[in-house]
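Each chain, letter by letter, is given below.
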Amino acid sequence: MKQENRVATIPLISYETLLAQFKQLLRSSRLKFTKQREVILYTLYTHSGHFTPEELYHLIKKETPELNTGIATVYRTLSLLESAGIVTSISFGTQGKKYELGVKAHHDHIICTNCGKILEFFDEAIERKQERIAKEAGFIMKDHSLKIFGICPECQKRTES
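Residues numbered from 1 in each chain as written. Predicted model: local features only at pLDDT ≥ 70, side-chain atom pairs only at ≥ 80, totals over all residues. Heavy atoms only, no water.

S.K.: Can you help me understand the layout of surface pockets in this one?
M.R.: If a probe as big as a water molecule is rolled over the atoms, it shows which places are left empty. Here the largest pocket is characterised by a volume of approximately 340 Å³. For the largest pocket, the lining is made up of 17 residues, of which Thr88, Glu100, His107, His109 and Ser145 are closest to its centre. When contributions to the lining of the largest pocket are tallied by element, the ones reaching two or more residues are strand 1 (87-91), strand 2 (97-101) and strand 3 (108-112). With 3 residues, strand 1 is the largest single contributor of residues to the lining of the largest pocket. (1 Å grid on protein atoms, 1.4 Å probe; cavity = no way out; pocket = protein on both sides within 12 Å on 5 of 7 lines; lining within 4 Å. Points joined across faces, edges and corners; volume = space filled by probe spheres on them. Helix = DSSP H or I, 4+ residues; strand = E, 2+ residues; numbered from the N terminus.)

S.K.: Before we go on, may I ask you to explain the pattern of salt bridges in this structure?
M.R.: Side-chain pairing between opposite charges can occur once the charged atoms of the two side chains come close. The full count for this structure, using the stated rule, is 4 salt bridges. In this structure, Glu38 and Lys35 form a salt bridge, with 3.2 Å as the shortest nitrogen-oxygen distance. Taken together, the positions of Glu38 and Lys35, both in helix 2 (residues 35-46) and 3 residues apart, correspond to about one turn of that helix. The class for Glu38 is buried, based on a relative accessible area of 14%. The salt bridge involving Lys97 is made with Glu82; its shortest N-O contact spans 3.1 Å. (Salt bridge = Lys/Arg side-chain N within 4 Å of Asp/Glu carboxyl O. Buried < 20%, exposed > 50% of the residue type's maximum accessible area, 1.4 Å probe, protein only.)

S.K.: Would you take a moment to explain the pairing of strand 1 for this structure?
M.R.: A regular strand places its side chains so that they alternate between the two faces of the sheet. In this structure, strand 1 lies alongside strand 2, joined through 5 bridges in antiparallel fashion. By the bridge assignment, Val87 is partnered in strand 2 with Leu101. (Pairing = 2+ DSSP bridges.)

S.K.: Could you clarify how one ought to interpret the side chain of His107 in this entry?
M.R.: The residue His107 is located in the loop between strand 2 and strand 3 in this model. Take His107: its relative accessible area is 11%, and that puts it in the buried class. Within the structure, the side chain of His107 is placed 3.2 Å from the side chain of Glu100, a separation counted as a polar contact. A distance of 3.2 Å separates a polar atom in the side chain of His107 from a polar atom in the side chain of Glu120. (Polar contact = N/O pair within 3.5 Å; in protein donor to acceptor, adjacent residues only side chain to side chain.)

S.K.: What's the story with unusual backbone geometry in this structure? I'm lost.
M.R.: Among all residues except glycine, the phi angle is most often negative; among peptide bonds, the trans geometry is most common. Positive phi values are uncommon outside glycine, yet Arg30 reaches one of about 55°. In this fold, Arg30 is placed in the loop between helix 1 (15-28) and helix 2. With phi around 55°, Asn68 is a residue other than glycine that occupies positive phi space. Asn68 gets classed as exposed once you look at its relative accessible area, which sits at 59%.

Here you go:
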């Protein structure tokens, strides 16, 4: 499959704009704005990738140990951010979810079912095909999510050994 690496790891909006949206979300949810909640948002904004709540928690503890951010705060904040569309997640069933900032350019995912590695990709031909399929079915496509599951090259090598 030809991949056009047009995946933008840089968020589409500034941190200041995202922070203002987050503060509004907290106000409308009758929650306090805290440094711990802000560092969760900031960490997601400044680090590309897909994180379990535990991975995010350990990253925050490593980078800002003075804040004493609890794992429960990470879980609650991720849930709030996901409900507002600020972050998105990929579910791994009983193994939990991995989260990423949801304000990046559209992209799809290839997921290793063995190790959980996630690669992002964008392919113009796939995008056109999905739009055509929706149109032929009489739909106006608003959004979509494509996930390809398989075994990554590293895991394939490990099983061959």
